[in-house]
Amino acid sequence: MAACVSRVELSVSCRSLLDRDLGSRSDPLCVLLQDAGGGGWAELDRTEKIKNCQDPEFCKKLVVDYYFEKVQKLKFGVYDIDNESFVLNDDDYLGGIECTLGQVVSCSVFTKPLELKQGKPAGKGTITISAEEIKDTRVVHLEIEAQNLDKKDIFGKSDPFLEFYKQSDAGTWQLVYRSEVIKNNLNPCWRKFSVPLQTFCGGDFNKPIKVQCADHDSDGSHDLIGALETTLAQMQTAGAGSLVEYECIHPEKKQKKKNYKNSGIIRIKSCKIETEYSFLDYVMGGCQINFTVGVDFTASNGDPKSPDSLHYISPDGINEYLIAIWSVGSVVQDYDTDKLFPAFGFGAQVPPSWQVSHEFALNFNPSNPYCQGIQGIVDAYRQTLPQIRLYGPTNFSPIINHVARFAAHSLQQGTAAQYFILLIITDGEITDLDQTRQAIVNASKLPMSIIIVGVGEADFKAMEFLDGDSGVLKSVTGEPAARDIVQFVPFRQFKNAPREALSQMVLAEVPKQLVSFYKWQGWPPLKLPEIKAP
C-alpha cells in the first residue's frame, strides 16, 4: 500500500445547473468517484442534496486521501435527486467532470464547465472545487438557540435555519455548516452539531466567522433574517450556564430604520472542542485487527469437479473464492501481528459423520481453526474441497455469532485493543435471513465488521438488504442496528479489474466502522498519538 501523504477536504459549488424538474428547480447532489481501474469507478463520498437550487453551495465536504506518488483520477457527478433511494442510476444526470486530484490541489480554486458526456457541455453549468489539507483532528461541538427572530412569513412565523461561513485567505466567505430548518418558530433551538476545527476556521481561533440566519422557503428563495460576525475564541466562552449572545442584524433594515435594534438574538449555549482519532491513530496505537473467513460450500455453487462450478479450480489454480480470499486477506493481514487466521466453511456435509455443518474449521481442527497467513487459508481450502459434500441450507448466522462471541469477550476489556473483521464469500442464496438480521443487529454493538463478497451470477437482493446502505437494517422484531457494519460487494463487478480494486472497494468502509465503534464507546487509542503543535 502506498503511504497516504495527507487527507484533503474538497468544497464543491455549482452555477447555472440544468433544470430537469417540471414546475420547480432541480434538487442537486454531487458524488465523488475515484478510478478503480478496468473502466470502473468507485464512490468515495457524496454531498447532501439541496432542494430547488440551480446555484448550489454544498455544505458537506468531500474527503479524499491524497497520494503524491499516484495519479488519482476523479470524477465529480451532479445529479437531480427525485427519490429517497441511495442509488443514482434512477436520477437525472446534470453533468460532471473528470480530473485528477493533483490538478485540484495545485489550484487554489478549480472551476470547469460541466459536461453531460465527453465534449458535450451541460448548458452553461460549471463546477468549482477548492481543496484544503486536513492537518487538525480537533472537532468543534456547538449548541445554538435564538430568541425573538423577525417574522418573515405572511401566514405563520419564520422557518429559521443557520449558515456558518469562514473567511478564506483571499477574503471570500466559504460555507462550513448549514443547520436543519425549524418550522414556524421565532425562538428556535437547533440540534447540537459538530464540525471539524479545520473546516470551521482553519484551526485559527481568531479567524472571522459569519453566521447568517434565514427564513427557509421551499422554492429556494430564502429570506435573510439577520447576520452576525464572531470568532471561535469568542464563542468558546459559552458553557456552564454562561451563554454568549449576539444581536442578529439585517443590514438593510439597519440602514433604513432609525429606531432599528435587531432582528433577534442568537445565543451560543455551549461550544466545546475535542480531539477526533483516526483509523491510523487506533492501529498505530496498538489495535489488533483479527481476520476470519467464512466460505459457502452449499450445493447451489455446483459440483467442484465441473468447470461451471464456482468452486471449480481452474488449471492455473484459481477461482472466484480464492481471488476474494487473496484480495481482501493480503491487505488485512498487514494489521494482524500473529498472522493466524481462523477459517470456516458452512453448508456442507463433513466427514466422518456426514452431518451438515454451518461452521466447520477448514483445516478440520475445531479446537485450533487457525491458518498460518493467507496462504494457509488457501491451502486449507484446496485440501478441504475434495473431502466434503456440498449441501445446504445457506445459514450465515452461526458464523456471525461465532465471531461475535470473540468480539463480545474483547469488549469486556474496555479498551481499543481488538477489532474483528469477518469475510463471508457466498453465492448469495441465503436461507436464514431473519436469524442473520438478528445476528448483525447484535454484532453492531460489538467491535466487528462483516464483509460479504458475492460470487457468481445470482440475484444478490438479500445481500444488498443486509448491507443497509439504503436505510438502517432492523431485526425481525424491529430493533435497529446500532451502526452499519456490513459491506456487500458483488465479485462480478470486478472480474476484469485489477485485483487491488476489489480489496479497495471491500475494505473502504472498515476504517470508518472501526472509528465509529470506538467513538461511540468513548475509547481513545491504547497509545495516544503525540500531539503536534498547531
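For every chain, the first residue of the written sequence is number 1, and numbering continues from 1 onward in sequence order. For this predicted model, a pLDDT threshold of at least 70 governs which residues receive local features, and a threshold of 80 or more governs which side-chain atom pairs are given and counted, while totals over whole chains, interfaces and linings are taken from all residues. With hydrogens and water set aside, each side-chain value is computed from the structure's full complement of heavy atoms.

The name an unreviewed UniProt entry assigns to the chain is Copine-3, from the organism Tychaedon coryphoeus.

## Focus: the packing of aromatic side chains
Any two rings among Phe, Tyr and Trp, with Trp reduced to its six-membered ring, count as a pair given centres within 6.5 Å; such a pair is stacked if its planes are under 30 degrees apart, edge-to-face if over 60, and tilted if neither. As enumerated under the stated definition, the model contains 19 aromatic pairs in all. Centroid distance tyrosine 79 to tyrosine 93: 5.2 Å. Interplanar angle 55 degrees. Geometry classified as tilted. Residue tyrosine 79 is found in strand E5 (residues 73–80), and its partner tyrosine 93 is found in strand E6 (residues 92–100); the two are separated by 14 residues along the sequence. Centroid distance tyrosine 321 to tyrosine 381: 6.5 Å. Interplanar angle 20 degrees. Geometry classified as stacked. Of the two residues, tyrosine 321 sits in helix H6 (residues 320–332) while tyrosine 381 sits in helix H7 (residues 373–384), which places them 60 residues apart along the sequence. Burial classes: relative accessible area under 20% of the type maximum marks a residue as buried, over 50% as exposed, and values in between as partly exposed (1.4 Å probe, protein chains only). You can call tyrosine 321 buried: its relative accessible area is 0%. Members of the aromatic cluster, each reached through a chain of ring pairs, are Tyr277, Tyr282, Tyr419, Phe517, Tyr518, Trp520 and Trp523. Counting as a charge over the ring demands two things of the Lys NZ or Arg CZ atom: a distance within 6 Å of the ring centre and an angle within 35 degrees of the ring normal. Sitting over the face of the ring of tryptophan 354, arginine 389 holds its NZ or CZ atom 3.9 Å from the ring centroid. Under the DSSP-based scheme used, a helix requires at least four consecutive residues in state H or I and a strand at least two consecutive residues in state E, with every element numbered from the N terminus.

## Some details on the domain arrangement of the chain
How big an interface is tends to be reported as the loss of accessible area on association of its parts. Annotation of the chain at the domain level lists domain 1 (6–134), domain 2 (138–275) and domain 3 (291–404 + 417–521). Placing the centre of domain 1 and that of domain 3 at their C-alpha centroids yields a distance of 34 Å. Whether two residues touch is decided by their heavy atoms; if any such pair falls within 4.5 Å, the residues are in contact. Facing the six residues of domain 1 at the interface are eight residues of domain 3. Accessible area that two parts lose when put together, with a 1.4 Å probe and added across both, is what the buried area reports. Where domain 1 abuts domain 3, roughly 440 Å² becomes buried across the two surfaces, and 61% of that area is made up of carbon and sulfur atoms. The largest contributions to the domain 1 side of the interface with domain 3 come from Ala36, Gly38 and Phe86, which together make up 61% of the buried area. Salt bridge criterion: a side-chain nitrogen from Lys or Arg within 4 Å of a carboxyl oxygen from Asp or Glu. Inspection of the domain 1/domain 3 interface yields zero salt bridges. Two N or O atoms form a polar contact when they lie within 3.5 Å of each other; inside protein one atom must be a possible hydrogen donor and the other a possible acceptor, and for residues adjacent in sequence the pair counts only when both atoms belong to side chains. Taken together, the connections running from domain 1 to domain 3 amount to zero residue pairs in polar contact (both at pLDDT 80 or more). Basically, the charged four are Asp, Glu, Lys and Arg, the nonpolar ten are Ala, Val, Leu, Ile, Met, Phe, Trp, Tyr, Cys and Pro, and anything else, Gly included, counts as polar. Residue composition of the side of domain 1 that touches domain 3, grouped by class: three nonpolar, two polar and one charged. In this entry, domain limits derive from an automatic or database-based domain assignment.

## Description of the pairing of strand E1 (residues 6–15)
The element E1 is largely enclosed, with a buried count of eight among its ten residues. A pair of strands is labelled paired if DSSP reports no fewer than 2 bridges between them. Sheet topology note: the E1/strand E4 (residues 62–66) ladder contains five bridges and is antiparallel. Within E4, the position partnered with arginine 7 by the bridge is aspartate 65. Pairing between E1 and strand E8 (residues 120–134): nine bridges, direction antiparallel. Looking at the pairing, arginine 7 lines up with isoleucine 134 of E8.

## Focus on the pairing of E8
Relative to E8, strand E7 (residues 110–117) is paired through six bridges, and the arrangement is antiparallel. Each bridged residue has a counterpart across the sheet, and for glutamate 115 the counterpart in E8 is proline 121. The hairpin formed by E7 and E8 contains two residues between the paired strands, and glycine 119 there has a positive phi angle of roughly 85 degrees.

## Points about the side chain of serine 357
For serine 357, the location among the structural elements is in strand E20 (residues 355–357). In terms of polar contacts, serine 357 uses its side chain to reach the backbone amide nitrogen of phenylalanine 360, at 3.3 Å. Among residues more than four places away in sequence, those in contact with serine 357 are Phe346, Gly347, Ala348 and Val350.

## Considering H7
Compared with the 16 Å implied by 1.5 Å per residue over twelve residues, the 17 Å span of H7 between its first and last C-alpha is a close match. Every buried residue of H7 is listed here: Gly373, Ile374, Gly376, Ile377, Val378, Ala380, Tyr381 and Thr384. By definition here, a helix of n residues has an expected span of 1.5 Å times n minus one.

## Observations concerning the UniProt feature "domain: C2" (unreviewed entry) in the chain
UniProt positions are given in the numbering used here, feature names are shortened, and annotations may be inferred rather than shown by experiment. Using the residue numbers shown here, the UniProt feature "domain: C2" (unreviewed entry) corresponds to residues 1–114 and 123–245. The annotated region residues 123–245 carries 7% helix and 46% strand content, and the separation between its end C-alpha atoms amounts to 45 Å.

## Description of the sheet that holds strand E9 (residues 138–147)
Strands sit in the order E12-E9-E16-E15 across an open sheet of four strands; the sheet is antiparallel. Only two strands of the sheet have a single neighbouring strand rather than two, namely strand E12 (193–196) and strand E15 (244–247). Sheet twist, expressed as the mean angle between neighbouring strand axes with direction ignored, is 35 degrees. Bridge analysis of E15 against strand E16 (residues 265–275) gives four bridges, and the strand direction is antiparallel. The convention used is that axes are lines fitted to C-alpha atoms, helices contributing only their stretch in contact, and that angles between N-to-C directions extend from 0 to 180 degrees.

## Section: the sheet that holds strand E14 (residues 223–230)
Strands sit in the order E11-E10-E13-E14 across an open sheet of four strands; the sheet is antiparallel. Taken across any chain shown, the strands that pair with only one partner, and hence form the sheet edges, are strand E11 (173–178) and E14. For this sheet, the mean angle separating the axes of adjacent strands, direction not counted, is 25 degrees.

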